[in-house]
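Structure assessment
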Amino acid sequence: MAGGTITRCVSRNLLSASGAKAVRIRWTNQYKRTTLRKSTNVLTAGGASFLLGLPALSCLAYAAYRRVQSSTVVLALEKEELLEQADYLYGCAETEKLYQLLLQYKDGEDAEFLWRLARASRDLSLQPDTEADRKKQLVFEALEYAKKALEKDEKCFAAHKWYAICLSDSGDYLGVKVKIGNSYIIRDHLERAIKLNPKDATSIHILGYWCFAFAELPWYQRKVAAVIFSSPPTSTYEEALDFFLKAEEGKSAQE
């Protein structure tokens, strides 16, 4: 508004022949003084945000960062406490309580909760008072949770281990052909679990049992497997013994 008024006044005075230059100089100087005065008022009064804008934004950004960082720390502490509680319940064989605790994280993104839920579901299926239909449901639930844990974190050794175990359990409901076919996948995930954590005695022991199971497979079952698969899984007692000994070594080292 002020700029427009000044322009109109200057234009009107410039039309007169006399004093045009003086008017122009006078109005120009007045405009400069007015502009300087307004700018000074803005900077020294409530409009100091012009100079404080960047620092203020920086402070706001830092405060926001601190809030996010604090939230992350809180979530990390909550996760750690929940996992400690879950492991405590597992150690106390409180299977039902553990299952109910972890069930609320079944749709989560954290592999640490999911593989523990897979283990709890499997353990619950093995309870002597679990009915057959419920047992089957829990077996396949456990497999799904273990699979999801793998999808969330392929570098989690426990996810590989429990996926192998749960996949083996599901074979009881899927027939001989599927069970033998899954045996390749089971060994692969056990080996990957051991590669990710060479000190995990449980994975090594289970792989030893896998070798032992196929080493003692009767000849007629081998024939059936050979008909279904061109090269069925094979192993030896020596290989199984080697894994059992390594598992014992790992267990002794952990103790």
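The following paragraphs examine the structure supplied in this document. In this text, all values refer to a predicted model and were calculated from it rather than measured experimentally.

Re the overall build of the chain
- Helices and strands together make up the secondary structure of the chain, namely 11 helices and zero strands.
- Ordering the α and β elements of the chain from the N terminus gives α-α-α-α-α-α-α-α-α-α-α.
- By the burial criterion, 31% of the 255 residues in the chain qualify as buried.
- In the chain, the proportion of contacts linking residues at least 24 apart, taken out of those at least 6 apart, comes to 58%.
- For the chain, the accessible area works out to roughly 16700 Å², and carbon and sulfur atoms hold 59% of it.

Thoughts on a nonpolar patch on the surface
- Residues V176, V224, V227 and I228 make up a contiguous nonpolar surface patch of about 360 Å² in total accessible area.
- When residues in the nonpolar patch are grouped by element, the largest group, three residues, is from helix 10 (residues 219-228).
- With respect to the helices and strands, the residue I228 is situated in helix 10.
- Judged by its relative accessible area of 32%, I228 is partly exposed.

As for the environment of P232
- Tracing the backbone shows P232 in the loop between helix 10 and helix 11 (237-254).
- The spacing of P232 and F214 is 18 residues in sequence and 9.5 Å in space, taken between C-alpha atoms.
- In this structure, P232 is in contact with Y184, A225 and A226, ignoring residues within four places of it in sequence.

A look at the packing of helix 5 (residues 111-125) against helix 7 (residues 157-170)
- Between helix 5 and helix 7, the shortest axis-to-axis distance is 9 Å and the interhelical angle comes to 30°. On the basis of the axis angle, helix 5 is roughly parallel to helix 7. Remark: the crossing between helix 5 and helix 7 carries left-handed chirality. Along the contact surface, helix 5 presents W115, A118, R119 and R122, while helix 7 presents A158, A159, W162, I165, C166 and D169.
- In terms of residue class, the contact of helix 5 with helix 7 is made up of seven nonpolar, no polar and three charged.

So, a negative patch on the surface
- Taken together, the side chains of E78, E80, E81 and E84 make up a negatively charged region of the molecular surface.
- Assessed through its relative accessible area of 41%, E78 is described here as partly exposed.

Structural notes on the side chain of R122
- Counting through the fold element by element, R122 comes out in helix 5.
- The contacts of R122, once residues within four sequence positions are left out, are A142, W162, I165 and D169.

Observations concerning the side chain of T95
- Considering the arrangement of structural elements, one finds T95 in helix 4 (residues 95-103).
- Among the residues examined, T95 registers a relative accessible area of 13% and is labelled buried.
- Contact partners of T95, with chain neighbours within four places excluded, come to A120, D123, L124 and Q127.

Points about the packing of aromatic side chains
- This model, assessed by the stated rule, comprises five aromatic pairs.
- With centroids separated by 4.6 Å and ring planes inclined at 45°, the aromatic side chains of W210 and F214 adopt a geometry described as tilted. Of the two residues, W210 and F214 both sit in helix 9 (residues 201-215), four residues apart, roughly one turn of that helix.
- Classification of W210 by relative accessible area gives buried; the value is 9%.
- The exposure class assigned to F214 is buried, which follows from its relative accessible area of 13%.

As for unusual backbone geometry
- Positive phi values are uncommon outside glycine, yet A93 reaches one of about 60°.
- Secondary-structure assignment places A93 in the loop between helix 3 (49-91) and helix 4.
- Residue A93 is classed as exposed on the basis of its relative accessible area of 59%.

Focus on the packing of helix 8 (residues 176-196) against helix 9
- Direction vectors running N to C along helix 8 and helix 9 enclose 150°, while the axes themselves pass 9 Å from each other. As summarised for this structure, helix 8 and helix 9 are arranged roughly antiparallel, according to the angle between their axes. The interaxial crossing formed by helix 8 with helix 9 has left-handed handedness. From helix 8, S183, I186, R187, L190, E191, A193 and I194 reach across to helix 9, where they touch S203, I204, I206, L207, W210, C211 and F214.
- A class-by-class count of the residues in the contact of helix 8 with helix 9 yields 10 nonpolar, two polar and two charged.

Conventions adopted
Residues numbered from 1 in each chain as written. Predicted model: local features only at pLDDT ≥ 70, side-chain atom pairs only at ≥ 80, totals over all residues. Heavy atoms only, no water. Helix = DSSP H or I, 4+ residues; strand = E, 2+ residues; numbered from the N terminus. Buried < 20%, exposed > 50% of the residue type's maximum accessible area, 1.4 Å probe, protein only. Contact = heavy atoms within 4.5 Å. Areas by Shrake-Rupley, 256 points an atom, 1.4 Å probe, with all protein chains shown as cover. Patch = residues over 30% accessible without salt bridge, like charges linked within 9 Å, V, L, I, M, F, W, Y side chains within 5 Å. Salt bridge = Lys/Arg side-chain N within 4 Å of Asp/Glu carboxyl O. Axes fitted to C-alpha atoms, helices over the stretch in contact; angles between N-to-C directions. Parallel < 35°, antiparallel > 145°, perpendicular 65-115°, else oblique. Left-handed = near helix turned anticlockwise from the far one by under 90°. Nonpolar A, V, L, I, M, F, W, Y, C, P; charged D, E, K, R; others polar. Lys, Arg positive; Asp, Glu negative; His and termini not counted. Charge placed at Lys NZ, Arg CZ, Asp CG, Glu CD. Phe/Tyr/Trp six-rings, centres within 6.5 Å; stacked < 30°, edge-to-face > 60°.

That's the geometry; what it means functionally is another story.
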